[in-house]
Amino acid sequence: MPTDPSLPSLVPRVAWRRAFHRFRWLVLPTVLSVVYALYLRGSELFDATYCGSQYYDAGDYYSLSQSFHDATGRFQLLAFNNTLRGYLWPWVLTHFYPATAVGTAAPAGDAFIKAFRPLGVALAALLFGLAGPLLWTRLRGAAPTWGRQAIFAGLGFVFWRDYFHFALSDMPAVLALTLALVLALGHRPRVVEAALAGLLVAAATIIRPVFVLAAGILLVGAVWHWWREHPARTTYRLALLGALVGGAGVVLLPQSLINQRYYGQATPLVLGWLNAAHPRSLYLDQLSWGLQMQKYETSVAPDRGAQMIYADPAGLAVLRGTGLPQNEWGFPIFPSVSSYVYTLLKQWPDMSLVYARHLFNGLDIRQSTPYLRPFSRWALALAGLNYAVLFAALLVVVFGRPALDPGRTAVVLVAVLLPAAVVLPTAIEVRFLLPLHLLIYGLVAFGWPSHWTGRFFRHHPRRSALLLAGGGFVLWCFLLSAAANSHLTGGNGLLAP
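Residues numbered from 1 in each chain as written. Predicted model: local features only at pLDDT ≥ 70, side-chain atom pairs only at ≥ 80, totals over all residues. Heavy atoms only, no water.

1. Section: the overall build of the protein
The number of helices and strands found in the protein is 19 helices and three strands. Split into buried and exposed, the 497 residues of the protein put 49% on the buried side. Considering only intrachain contacts with a sequence separation of at least 6, the fraction spanning at least 24 residues in the protein is 76%. Here the protein has roughly 23,500 Å² of accessible surface; of this, 68% comes from carbon and sulfur atoms. (Helix = DSSP H or I, 4+ residues; strand = E, 2+ residues; numbered from the N terminus. Buried < 20%, exposed > 50% of the residue type's maximum accessible area, 1.4 Å probe, protein only. Contact = heavy atoms within 4.5 Å. Areas by Shrake-Rupley, 256 points an atom, 1.4 Å probe, with all protein chains shown as cover.)

2. Notes on empty space enclosed by the protein
This model, assessed by the stated rule, comprises two cavities of 30 Å³ or more. Considered as a void within the structure, the largest cavity measures approximately 110 Å³ in volume. Around the largest cavity sit 13 residues that line it, and Tyr-163, Glu-297, Thr-369, Pro-370 and Val-430 are the ones nearest its centre. Counting residues per element, the lining of the largest cavity draws most heavily on strand E1 (residues 293-299), at three residues. For the lining of the largest cavity, the per-class residue count stands at six nonpolar, three polar and four charged. The volume enclosed by the second largest cavity comes to roughly 90 Å³. The wall of the second largest cavity is formed by 16 residues, among which Arg-208, Phe-211, Arg-431, Phe-432 and Pro-435 lie closest to the centre. Of all the secondary structure elements, the ones that give two or more residues to the lining of the second largest cavity are helix H7 (170-184), helix H16 (406-423) and helix H17 (434-447). With four residues, the single largest contributor to the lining of the second largest cavity is H16. The residue makeup of the lining of the second largest cavity, split by class, is 13 nonpolar, no polar and three charged. (1 Å grid on protein atoms, 1.4 Å probe; cavity = no way out; pocket = protein on both sides within 12 Å on 5 of 7 lines; lining within 4 Å. Points joined across faces, edges and corners; volume = space filled by probe spheres on them. Nonpolar A, V, L, I, M, F, W, Y, C, P; charged D, E, K, R; others polar.)

3. As for helix H9 (residues 212-229)
The end-to-end C-alpha separation of H9 is 25 Å, in line with the 26 Å expected for 18 residues at 1.5 Å each. Within the sequence span of H9, burial applies to Ala-214, Ala-215, Leu-218, Gly-221, Ala-222, His-225 and Trp-226. Viewed along the axis of H9, the buried residues span an arc of 135°, placing them on a single side of the element. In the core, the buried residues of H9 are packed alongside H7, helix H8 (191-207), helix H10 (234-263) and H16. (Expected span 1.5 Å × (residues − 1). Arc of directions from axis to C-beta.)

4. Here we look at the environment of Ala-203
Mapped onto the fold, Ala-203 is located in helix H8. Put simply, Ala-203 and Val-250 are 47 residues apart on the chain and 9.6 Å apart in space, counted from C-alpha to C-alpha. Beyond its immediate stretch of four places on either side in the chain, Ala-203 contacts Leu-88, Ala-176 and Val-251.

5. Some points on the environment of Leu-480
Counting through the fold element by element, Leu-480 comes out in helix H19 (residues 463-485). Residues Leu-480 and Asp-364, 116 residues apart in the sequence, show an inter-C-alpha distance of 9.5 Å.

6. Brief notes about the environment of Tyr-355
Structurally, Tyr-355 can be placed in helix H14 (residues 348-363). For the pair formed by Tyr-355 and Pro-425, sequence separation is 70 residues and the distance between their alpha carbons is 6.1 Å. Excluding its chain neighbours within four sequence positions, the residues that come into contact with Tyr-355 are Leu-291, Tyr-340, Leu-344, Leu-424 and Pro-425.

7. Focus: unusual backbone geometry
Of note, the phi angle at Tyr-56 is positive, near 50°, even though the residue is not glycine. Topologically, Tyr-56 is positioned in helix H3 (residues 56-65). Its relative accessible area of 30% is what places Tyr-56 among the partly exposed residues. With a phi angle near 50°, Arg-401 is a residue other than glycine that sits in the positive phi range. Positionally, Arg-401 belongs in the loop between helix H15 (378-400) and H16.

8. Some remarks on a nonpolar patch on the surface
Taken together, the side chains of Val-212, Leu-213, Leu-269, Leu-413, Val-414, Leu-417 and Leu-418 present a nonpolar region at the surface, about 460 Å² in accessible area. Elements with a contribution of two residues or more to the nonpolar patch: H9 and H16. Ranked by the residues each element gives to the nonpolar patch, the list is headed by H16, at four residues. The residue Val-212 is located in helix H9 in this model. (Patch = residues over 30% accessible without salt bridge, like charges linked within 9 Å, V, L, I, M, F, W, Y side chains within 5 Å. Salt bridge = Lys/Arg side-chain N within 4 Å of Asp/Glu carboxyl O.)

9. Let's talk about the sheet that holds strand E3 (residues 371-372)
Strand order in the open sheet formed by three strands is E2-E1-E3, with mixed pairing between adjacent strands. Edge positions in the open sheet fall to strand E2 (307-311) and E3, since each of these has one partner strand only. Judged from the five bridges that link them, E1 and E2 form a sheet pairing that is antiparallel. Bridge pairing in E2 places Tyr-296 opposite Ile-309. (Pairing = 2+ DSSP bridges.)

10. Description of the layout of surface pockets
Considered as a void within the structure, the second largest pocket measures approximately 980 Å³ in volume. As for the second largest pocket, its lining consists of 44 residues, of which Leu-363, Leu-436, Leu-439, Ile-440 and Leu-443 are closest to the centre. Listing elements by their share of the lining of the second largest pocket, those giving two or more residues are helix H5 (111-140), H7, H14, H15, H16, H17 and H19. For the lining of the second largest pocket, the leading source of residues is H17, giving eight residues.

11. Quick notes on the side chain of Gln-255
If you trace the backbone, Gln-255 turns up in helix H10. With a relative accessible area of 0%, Gln-255 lands in the buried category. Filtering out sequence-adjacent residues up to four positions away, Gln-255 remains in contact with Gly-86, Tyr-87, Ile-206, Thr-267, Pro-268, Leu-269 and Val-270.

12. Some points on the packing of aromatic side chains
Under the defined criterion, the tally for this structure stands at 28 aromatic pairs. An angle of 80° between the planes, with centres 5.0 Å apart, marks the rings of Phe-166 and Tyr-371 as edge-to-face. One end of the pair, Phe-166, is in the loop between helix H6 (146-160) and H7; the other, Tyr-371, is in strand E3, with 205 residues separating them in the sequence. Its relative accessible area of 3% is what places Tyr-371 among the buried residues. Geometrically, the ring pair formed by Phe-456 and Phe-457 is edge-to-face, given 5.3 Å between the ring centres and 80° between the ring planes. Among the aromatic residues, those joined into a ring-pair cluster are Tyr-36, Tyr-39, Phe-128, Trp-136, Phe-152, Phe-157, Phe-164 and Phe-446. The ring centre of Phe-157 lies 5.8 Å from the NZ or CZ of Arg-161, which sits over that ring. A cation over an aromatic ring shows up here: Lys-295 above the ring of Tyr-310, its NZ or CZ 4.7 Å from the ring centre. (Phe/Tyr/Trp six-rings, centres within 6.5 Å; stacked < 30°, edge-to-face > 60°. Lys NZ or Arg CZ within 6 Å of the ring centre and 35° of its normal.)

Take a look at the structure:
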């Protein structure tokens, strides 16, 4: 019987397609690794002054990475001694910053940027190329197309690309939380995946203590999901739960030993004390600072100070009317969470408006960097694009209604929105709401209905109303941004040159 002459040529093609399908999730991270490596290196060449140091908080993490070594230079994990930061991120940095005699909070020299660059590239590639698309796959039940993944990665690059120069904790913490959700919400999770999910969510909690609430939600959500997916396999579900808790314990145990060794505190969580001599949560100070300012930013521009504080007159009036005690720097502070809750219940109309401004300012991206440089003409374009993305996300939420798994979606939303609600009353910075930003990019990139094309909108009966609403929203955002910037202490306008 004669054979089809085309058959031999089809065999390697089918094999290639199977191999590509198996490793398809590595393609976009690989491409992004090249893109970010070239960009971070190129931006250093074009702006050596800006990219020459780990500034402020990033410099603090560098200094902490040196604290694992004793006087002889020998590494000791339990030598870490800090009440405000967890041990995990500084420990990771020890693999990129070898022990030196430098102990300043803001080390100089481009060696510190170059040493961190491989880790920054990996964080960007994994966050925008792997974790985000995989989480959406869990919610939707199907992998997004290459084009949608490229849009998500492109939005991350446009708005956050310069963050990956600096050893800040926000990116690794959000990456760990996202991957933990991906692993915990799988259709048929294995014990190893459950252990990795526990390890990652504990890592997110140690790196960014505010994610402790997300960790609790993930634990409850994972247990509910496993009980729903496997109602008749009790032993299997208990094994998954044990692996989840065991994986978390591996990460939490060193922090617990450090707290017990130096401070006598039997807790596996970061203490969050600003000063070990006066055990008091930094969060209480943040609640007071959050009423004093609409937004807080740091700058490396030569014409501005390092601290950029945007005062909030309404919040200051609330704070002055409480009669709170003052700290050692003369600032009114809440002595306890209960005193804050009492003030919130008593002054909720004014404080609600204060926190509404915090929400907008936390979403108002003005530069793609945590440390602002001199403003350029591109600031208006970046701000306008950000407002357009926010409007597009609103359209998807109100009219798009993407088909998502309700259970998994509820777990993800609470895990993202609850930490955002916790940081909202603080001295807000854009990076504090990074999970919410990524949720917005996911709505636009992955949730945008496929039939919403240019032709669809051109022939839509309410096209004029839609254009008017979009233009009004963007204009309103610019006005809100300008209003916030008018309260910048010792500085000029938000988008001023």
